[in-house]
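Commentary on secondary and tertiary structure
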Amino acid sequence: DHWRRRALEDAYQAAAAQLPAREVPSPEVRALILETLYAIDLTLRTLPAKTREIFLSSQFDGMAYADIARAQRVSLATVKRHMQKALTACLIAYQAGPA
């Protein structure tokens, strides 16, 4: 967990370094952002591999559901089921708050 948290912090720092100085979050906001990133990471790690892969393709690669279905060789309905499962897990994690 320590190394995963460190990798998330490093990725966040790299992204924040690209921001103009006036947009760099305060230390308090930075802490909230990092806690949110940790919760998202934990939630994604608990998902089945196929669900996680489909979710990441949609949310981080910007792929449309139909494109994901073709790439994964599954039906559009299957992609929608996996997305519903992933989004529900994220919502539950969000409602639970920071760990």
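Notes on the structure in this doc start here. (Residues numbered from 1 in each chain as written. Predicted model: local features only at pLDDT ≥ 70, side-chain atom pairs only at ≥ 80, totals over all residues. Heavy atoms only, no water.)

In terms of helices and strands, the chain carries five helices and zero strands. Starting at the N terminus and walking to the C terminus, you meet the elements of the chain as α-α-α-α-α. Along the three orthogonal principal directions, the C-alpha set of the chain runs to about 45 × 30 × 25 Å. In the chain, of all internal contacts separated by at least 6 residues, the share reaching a separation of at least 24 is 52%. Carbon and sulfur atoms make up 60% of the accessible area of the chain, which amounts to about 6,900 Å² in all. Treating the 13 positive side-chain charges of the chain as one cloud and the 10 negative ones as another, the clouds have centres 10 Å apart. (Helix = DSSP H or I, 4+ residues; strand = E, 2+ residues; numbered from the N terminus. Contact = heavy atoms within 4.5 Å. Areas by Shrake-Rupley, 256 points an atom, 1.4 Å probe, with all protein chains shown as cover. Lys, Arg positive; Asp, Glu negative; His and termini not counted. Charge placed at Lys NZ, Arg CZ, Asp CG, Glu CD.)

Attention now goes to helix α2 (residues 27-46). In an α-helix, one turn spans 3.6 residues; hence positions three or four apart end up facing the same way. Its 20 residues give α2 an end-to-end C-alpha distance of 29 Å, which sits within 8% of 28 Å, the value for a rise of 1.5 Å per residue. Within the sequence span of α2, burial applies to L34, Y38, D41, T43 and L44. Looking at the packing, one finds that the buried side of α2 touches α1 (2-17), α3 (49-59) and α5 (76-96). (Expected span 1.5 Å × (residues − 1). Buried < 20%, exposed > 50% of the residue type's maximum accessible area, 1.4 Å probe, protein only.)

Counting residues in hydrophobic clusters, the biggest one holds ten residues: L44, L47, I54, F55, I68, A69, V79, M83, A86 and A89. Every element with two or more residues in this core is listed here: α3, α4 (65-72) and α5. Of the residues forming this core, the biggest block, four residues, is contributed by α5. Those residues in contact with V79 that lie beyond four places of it in its chain are I54, Y65, I68, A69 and V74. (Core = buried A, V, L, I, M, F, W, Y, C linked by side-chain atoms within 4.5 Å.)

Take the pattern of salt bridges next. Pairing of side chains with opposite charge becomes possible as their charged atoms draw close. Summed over the entire model, instances satisfying the criterion amount to seven salt bridges. Several salt bridges converge on common partners, so that one network encompasses R4, D41 and R45. (Salt bridge = Lys/Arg side-chain N within 4 Å of Asp/Glu carboxyl O.)

With that settled, the discussion passes to the packing of α3 against α4. The N-to-C vectors of α3 and α4 enclose an angle of 135°; their axes lie 10 Å apart at closest approach. Classified by the angle their axes make, α3 and α4 are oblique. Crossing of α3 against α4: the hand is right-handed. Contacts between α3 and α4 involve K50, E53, I54, S57 and S58 from the former and Y65, I68 and Q72 from the latter. Grouping the constituent residues of the contact of α3 with α4 by class yields three nonpolar, three polar and two charged. (Axes fitted to C-alpha atoms, helices over the stretch in contact; angles between N-to-C directions. Parallel < 35°, antiparallel > 145°, perpendicular 65-115°, else oblique. Left-handed = near helix turned anticlockwise from the far one by under 90°. Nonpolar A, V, L, I, M, F, W, Y, C, P; charged D, E, K, R; others polar.)

So, about α5. Here α5 is 21 residues long and its end C-alpha atoms lie 30 Å apart, about the 30 Å a rise of 1.5 Å per residue gives. Residues of α5 that are buried in the fold lie against α2, α3 and α4.

Our focus in this paragraph is the environment of A21. Summarising the element assignment, A21 is placed in the loop between α1 and α2. Taking relative accessible area as the criterion, A21 reaches 72% and is therefore assigned exposed.

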